[in-house]
Amino acid sequence: MYGLSLLRLFTSEQPIRGISELADQLELSRPTAHRYAATCLELGYLEQTPLRRYRLTRRAAQPGIALLGSLALAREATPILRELRRQSGRTVSLALLEHTDILYVVRLRGFLRGQYQLERGLGAGSRRPARESAAGKALNAAVTDRDDHLGHIHESELTVDEGVPSSGARGLAIAVMAEGERTSAIELTVPAGELSARELIAELGEPLRAAGAEMQARLLEDRASRCA
Amino acid sequence: MAQQDRALPKDPARPFPTLRERRYSNALERGLAILACFTPERPLLGIVEIERMLGTSHTTTHRYVTTLVEHGYLTQDRSRKYRLDFGAIDVGMEALNAIDLCNHAHSELQALSRATGATVEMAVLDGPEILLVDSVRARRGAKAKPGEGGHGGVEIAAGSRLPAYCTSMGIVLLAHLLPEIQRQLIAEMALVEHGPKTIVSEQRLREELERVRGDGLGVNDEASAEGVRAIAAPVRDEAGDVIAAVNVVGDETVLDLEDLIDRFEGVLLAAAGKISKRLGWDEEG
């Protein structure tokens, strides 16, 4: 599926690409890369820039949007995450562990000082190394001792992460586990300069714990009604 | 020519493009078409359903689906039906995040500027300030005025910050916050005069926010600078949360605030509504 690999080369860091780089990256000849690009152009998955390079259209994201939209986990979590954003003004996300990465399935940008421009390239569908985020650390810790805790309400630990220094972000996360669902993590992201790790926990620890507990209760309720 | 090149092979068992079709990849078209069959309402599909939707043969469909599973785009459920796998996200989601608010809004802002002949701007809240994220300047020669933060003819650029309390967009963004957060932000503000009619009393500011929350339109009547007037409307996301505001800045033909509202309120609200709709907000729903 080289053709699909071509679409995967477009990222938020490199949203615009020319034929030569596409061919080089995929180790394809230029005519072959061109054939794939022309097909995507014809079908409306790519569009051409004034300099005849390519970028994705919204249509290209449809499979990803469809996948995230069909995740029960994301549907259940979204109203809770929205309320957490309204109350805290901070960026709120839901993340899953995927091998050594985390995958954001919901990401709502905050509106307090510095939030809008914090980690602007990240959104629903973005991945990042698990060890570089609070959500990743919370998920790794949770997966390790998950088996001990299934079946009863699990008291997850809050995880703080200083983030990559250059990102300027600090995160606070909590894992949410429910039988029959993938373990996920709710993460709050704040500008590192605005809140110290201690202030972050003092100010947002309780609302985050409450959101995690509410989400877990919903998932369990959901499961109970499915099994009934 | 192009039509001929992309015509599907009559023989569905012929999977790969021949030399005659070298400008078009049928394999890629099929792969994308199969992925596009899945939606949030229709997350689970069997081979037969995919066949019917695409009009392809069983053998061909099966081969493509198997390849998509091998590459992590699809996965098989316990019921033996297929659903999208996480590989599907990498096809286009990452770049969607580069297509942010501004990409959704820019063409509407251009249309609004054309319809009004005025400068229009869009901003988000950044704590007690607003952050200008996009703007379209009035046509040259139309005695254009700089935006809300402009002083002495100096235009402000995207990325600039302005105090929220003395701009029409800031008033809109503050008005729709939860009371607790609103109080917290107002407490951080030093309410100082920027223009002849800046609101410098906390009480007056609260009343103004209350009015805007009900009525929707934020106004700047010489609050940010002498002679500057602007009106702003909220932009909502799919859940109805106000995430941005759009304004129209009055030019020299505007007599007063009432004149500005009379002339531009309708088109402004329509433009803000269209941007909200592109973000998934359904006004009736």
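*Asks:* Outline the overall build of chain A, listing residues and values.
*Replies:* Scanning chain A from terminus to terminus reveals eight helices and nine strands. The principal-axis extent of the C-alpha atoms belonging to chain A is close to 60 × 50 × 30 Å. Scored against the burial criterion, the 228 residues of chain A give a buried share of 47%. Of the contacts made within chain A by residues no fewer than 6 positions apart, 58% connect residues no fewer than 24 positions apart.

*Asks:* I'd like a description of the packing of helix α3 (residues 47–54) of chain B against helix α4 (residues 58–70) of chain B, backed by residues and values.
*Replies:* All names here are of chain B. At their nearest, the axes of α3 and α4 sit 10 Å apart, and the two run at 115° to each other. When the axes of α3 and α4 are compared, the pair comes out roughly perpendicular. Between α3 and α4 lies a crossing whose hand is right-handed. Facing Ile 47, Ile 50, Glu 51 and Leu 54 of α3, the residues of α4 in contact are His 58, Thr 61, His 62 and Val 65. Taken together, the residues of the contact of α3 with α4 break down into four nonpolar, three polar and one charged.

*Asks:* Describe the interface of chain B and chain A, listing the residues and the values that go with them.
*Replies:* Contacts between the two partners involve 43 residues from chain B, matched on the other side by 44 residues from chain A. Elements with a minimum of two residues in the side of chain B that touches chain A: α2 (26–36), α4, α5 (93–96) and β3 (119–126) of chain B. Per element, the largest residue contribution to the side of chain B that touches chain A is seven residues, and it comes from α2 of chain B. The class makeup of the residues in the side of chain B that touches chain A is 27 nonpolar, eight polar and eight charged.

*Asks:* For the nonpolar core, give the residues involved together with the corresponding values.
*Replies:* If you look at the biggest cluster of nonpolar residues, it comprises 83 residues, and the most contacted ones within it are Ala 95, Val 105, Leu 139, Ala 185 and Ile 186 of chain A. With residues near it in sequence (within four places) discarded, Val 105 of chain A still touches Leu 68, Leu 71, Ala 74, Leu 94, Ala 95, Leu 96 and Ala 124 of chain A. Ranked by size, the runner-up nonpolar core spans 55 residues in total, among them Leu 209, Ala 225, Val 249 and Val 254 of chain B.

*Asks:* A description of the pairing of strand β5 (residues 101–108) of chain A should follow, citing residues and the corresponding values.
*Replies:* Residues and elements named next belong to chain A. Most of β5 is tucked away, with seven of its eight residues classed as buried. Sheet topology note: the strand β4 (residues 91–98)/β5 ladder contains seven bridges and is antiparallel. What sits directly across from Leu 94, in β5, is Val 106. The antiparallel pairing of β4 with β5 creates a hairpin that spans two residues between the two strands, and His 99 there sits at a positive phi of about 60°. With three bridges connecting them, β5 and strand β6 (residues 127–129) associate as antiparallel partners. Among the inter-strand pairings, Leu 103 is bridged to a residue of β6, identified as Arg 127.

*Asks:* How would you explain the confidence of the model for chain B if you had to name every residue and give the values?
*Replies:* Residue and element names in this part refer to chain B. Summary statistics for chain B give a mean pLDDT of 86 and a share of 84% for residues scoring 70 or more. With pLDDT under 50 throughout, residues 1–20 is counted as low confidence; its partners more than four residues away or in other chains account for 23 contacts. Here the prediction assigns the complex a pTM of 0.84, and the interface score ipTM is 0.81.

Calculation notes
Residues numbered from 1 in each chain as written. Chains lettered and ligands numbered in written order. Predicted model: local features only at pLDDT ≥ 70, side-chain atom pairs only at ≥ 80, totals over all residues. Helix = DSSP H or I, 4+ residues; strand = E, 2+ residues; numbered from the N terminus. Buried ≥ 20, exposed ≤ 12 C-beta atoms within 10 Å, placed from the backbone. Contact = placed C-beta atoms within 7 Å. Axes fitted to C-alpha atoms, helices over the stretch in contact; angles between N-to-C directions. Parallel < 35°, antiparallel > 145°, perpendicular 65-115°, else oblique. Left-handed = near helix turned anticlockwise from the far one by under 90°. Nonpolar A, V, L, I, M, F, W, Y, C, P; charged D, E, K, R; others polar. Core = buried A, V, L, I, M, F, W, Y, C linked by C-beta atoms within 7 Å. Pairing = 2+ DSSP bridges. pLDDT = per-residue confidence, 0-100.

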